[in-house]
Amino acid sequence: MEEMHIMSDAVFPAVPPTPAVPLAALLAREDLGLRQIAGPAGGGTVIHGAHTSELSDPHPYLLGGELLLTAGVHIPEGAAGSHAPEASAGADAPEDAGGAGSGAYFDAYVSRIVAAGGAALGFGLAPVHDTVPGALVAACDAHGLPLVEVPPRTTFSGVARAVWQLMARARHAELRRVTEAQQGLAAAASRPDPVRSVLRQLARRVEGRAVLYGPEGTELAASGRDQGQAVTRALAALTAVVHPHPPRGAGNRATGHDAPAAAPAQQPPGLSPRTPTPASATDTVDGTHLTAHALGSPPRFALAVATPRRDPGTHTITSVAAVLLSLLTGEQQSGTGAARVSALVRLLLGAAPEEVAPLLGGAAAWLVVHAHPNDDASPPDPLTAAALGAALGSALVDHHGDVVRVLVPAGREVTAQPGWTCGVSAPAGPDAWPSADAQAARALARARATRTALVRHGTRTALADLVPARDAAAHARTLLAPLAGSPALVETLRTWLSLHGSWDRTAVALAVHRNTVRQRVGRCAALLGADLDDPDVRMELWFALRQE
């Protein structure tokens, strides 16, 4: 494992933040006629620019990643050695006339280039040297620095221009890649299961693996090819650097029992107990690049990513995904977690809802939203529920069974959400939240029965409002007394009347068979002694049921 890096707000890269160009791409340019004669022959060498220098020590003037071009003007006459053509033949070149002094000069020269981070050395033939000095070839081989022979017909400015052309193409390709990835991530965030959709899109765009860790350090969701236990453990350990809670296990899903346990949490290198928790950190394991980002402020979740390469484009794509996931899983400005905990404690200790409501954001009126996923085969989980709350602008979310309930300040507009069927209550103060909850439940049942994305509870002034509430409630209790002992009959009659006597829609809304609906409605008619086909009877019953 390489040294772990903690990234702060100001990060100074080791090389210029430009797309790297493979040295092989430059060598493939037939118009240049370049030839590598020493150093690693693989295709892993990349360059970030071209720089010409005739200094014997160019170290102070290199940023790192350059192809350094020289005509050998700086080489002392005694170190130049033989000018025989065989000197450019690589390892088989004869010993140069400079002997040990020649080798010492070139060894020092090449070592300084390597120390400065130079990517490769280009040696121009003519007018100073007819061939590449053999001692320089040997020194480049010894230090692992690619050495490129530049023919007399090729100017250094031509080489530099070719490098910048390749960099411009790489930059254009990188911008296109980042733009397409941003569009893909944004589209994923608008899907019914946004958190997992974003993780899948991120893993595909960076050709790696993306993992979301929860508040307790458990793996909540992941996407991408498994990178093996070593990388999995390293990701969990790296998450502990940016996460306030140590991970319980590497790759341990909330519902899993056979995942390997993570190594004990340790203080990251370079961090003292007084050092603020960093927002991100990087590491490398077995050639795989790892990155961890804290999500939210204070962080409750963490994103960990394993990629085969580390470049500016991958960093940008990962950062965009981290921002989206922070919005989807993070705390909302409607109330802090501490305030919500305080409100819960007060309710448990007997406080009235209107007393704790100011702790939730200070809104005078609230909306209750009931939501059911359109995909019945996939019940909502805490991540999906949190994402729905974020989309509605509230962190006050209750996930229970197949329905998600969200408490939203009445000043915020509730709109239809992709992948969800929603029912919305009328605005209600804290003392009327239970009634609003019932309104939202009935609105959701109607929305599902009519296959409507969103149904709101009616708020228009009605004839029923002309009757004093106490008198209306007393009349409703009297009229519905025969059904008082059977809540199922009351709910079936209410739903059936709200859907204009449709057996099929009522069955869908109540999740029962249509014959069950017929039996219950018939039982209601018998107990009430009323003709439910009479519109006047239906109207009076509906009036009474509205008081429930």
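In the block above lies the structure referred to throughout.
The paragraphs below set out a description of the structure included in this document. (Residues numbered from 1 in each chain as written. Predicted model: local features only at pLDDT ≥ 70, side-chain atom pairs only at ≥ 80, totals over all residues. Heavy atoms only, no water.)

## Remarks on helix α13 (residues 487-498)
Part 1 of the argument: With twelve residues, α13 ought to run about 16 Å at 1.5 Å a step, and its terminal C-alpha atoms sit 16 Å apart, in line with that.
Part 2 of the argument: Taken across its twelve residues, α13 has nine buried, putting it largely inside the fold.
Part 3 of the argument: Looking at α13, one finds that the buried residues are L489, V490, T492, L493, R494, T495, W496, L497 and S498.
Part 4 of the argument: Buried residues along α13 sit in contact with α11 (433-450), α14 (503-510), α15 (514-528) and α16 (535-546).
Part 5 of the argument: Within two residues after α13, H500 carries a phi angle of roughly 60°, on the positive side. (Helix = DSSP H or I, 4+ residues; strand = E, 2+ residues; numbered from the N terminus. Expected span 1.5 Å × (residues − 1). Buried < 20%, exposed > 50% of the residue type's maximum accessible area, 1.4 Å probe, protein only. Contact = heavy atoms within 4.5 Å.)

## Some thoughts on the sheet that holds strand β8 (residues 147-150)
Part 1 of the argument: The five strands are arranged β3-β8-β7-β6-β5 in an open sheet whose pairing can be described as mixed. Among the strands making up the open sheet, the edge pair consists of β3 (35-38) and β5 (49-52). Each strand of the sheet is rotated relative to its neighbour by a mean of 30°, with strand direction disregarded.
Part 2 of the argument: Sheet analysis places strand β7 (residues 120-124) next to β8, joined by four bridges and oriented parallel. Counted as the bridge partner of G122 is V148 from β8.
Part 3 of the argument: Strands in contact with helix α3 (residues 134-143) are β3, β7 and β8; relative to β3, the strand with the most contacts, it is inclined by about 80°.
Part 4 of the argument: In the packing of helix α4 (residues 156-189) onto the sheet, the strands contacted are β5, β6 (66-70), β7 and β8, and the crossing angle to β5 comes to about 160°. (Pairing = 2+ DSSP bridges. Axes fitted to C-alpha atoms, helices over the stretch in contact; angles between N-to-C directions.)

## Section: the nonpolar core
Part 1 of the argument: Core analysis: the biggest nonpolar cluster contains 25 residues, and L202, L303 and L325 have the highest contact counts within it.
Part 2 of the argument: Only α4, α5 (194-206), β9 (209-213), β13 (301-307), α7 (312-329) and α10 (382-392) provide two or more residues apiece to this core. (Core = buried A, V, L, I, M, F, W, Y, C linked by side-chain atoms within 4.5 Å.)

## Considering unusual backbone geometry
Part 1 of the argument: Here the residue pair A126 and P127 is connected by a cis peptide bond, since its omega of 5° sits within 30 degrees of zero.
Part 2 of the argument: Its location among the elements puts P127 in the loop between β7 and α3.
Part 3 of the argument: Not every positive phi belongs to a glycine, and A126 is a case in point at roughly 70°.
Part 4 of the argument: Looking at the secondary structure, you find A126 in the loop between β7 and α3.
Part 5 of the argument: Among the residues examined, A126 registers a relative accessible area of 35% and is labelled partly exposed.
Part 6 of the argument: Of note in the backbone geometry, H500 takes a positive phi value of approximately 60° without being a glycine.
Part 7 of the argument: Here H500 lies in the loop between α13 and α14.
Part 8 of the argument: Assessed through its relative accessible area of 64%, H500 is described here as exposed.

## Quick word on the packing of α4 against α5
The relative placement of two packed helices comes down to the angle between their axes together with the axis-to-axis distance.
Part 1 of the argument: Taken N-terminus to C-terminus, the directions of α4 and α5 make an angle of 160°; their axes are 8 Å apart at the nearest point. Considering their axes alone, α4 and α5 lie roughly antiparallel with respect to each other. Considering only the axes of α4 and α5, their crossing is right-handed. Contact residues: α4 offers R177, E180, A181, G184, L185, A188 and A189, while α5 offers P194, S197, V198, Q201, L202, R205 and V206.
Part 2 of the argument: For the contact of α4 with α5, the class distribution of residues is eight nonpolar, three polar and three charged. (Parallel < 35°, antiparallel > 145°, perpendicular 65-115°, else oblique. Left-handed = near helix turned anticlockwise from the far one by under 90°. Nonpolar A, V, L, I, M, F, W, Y, C, P; charged D, E, K, R; others polar.)

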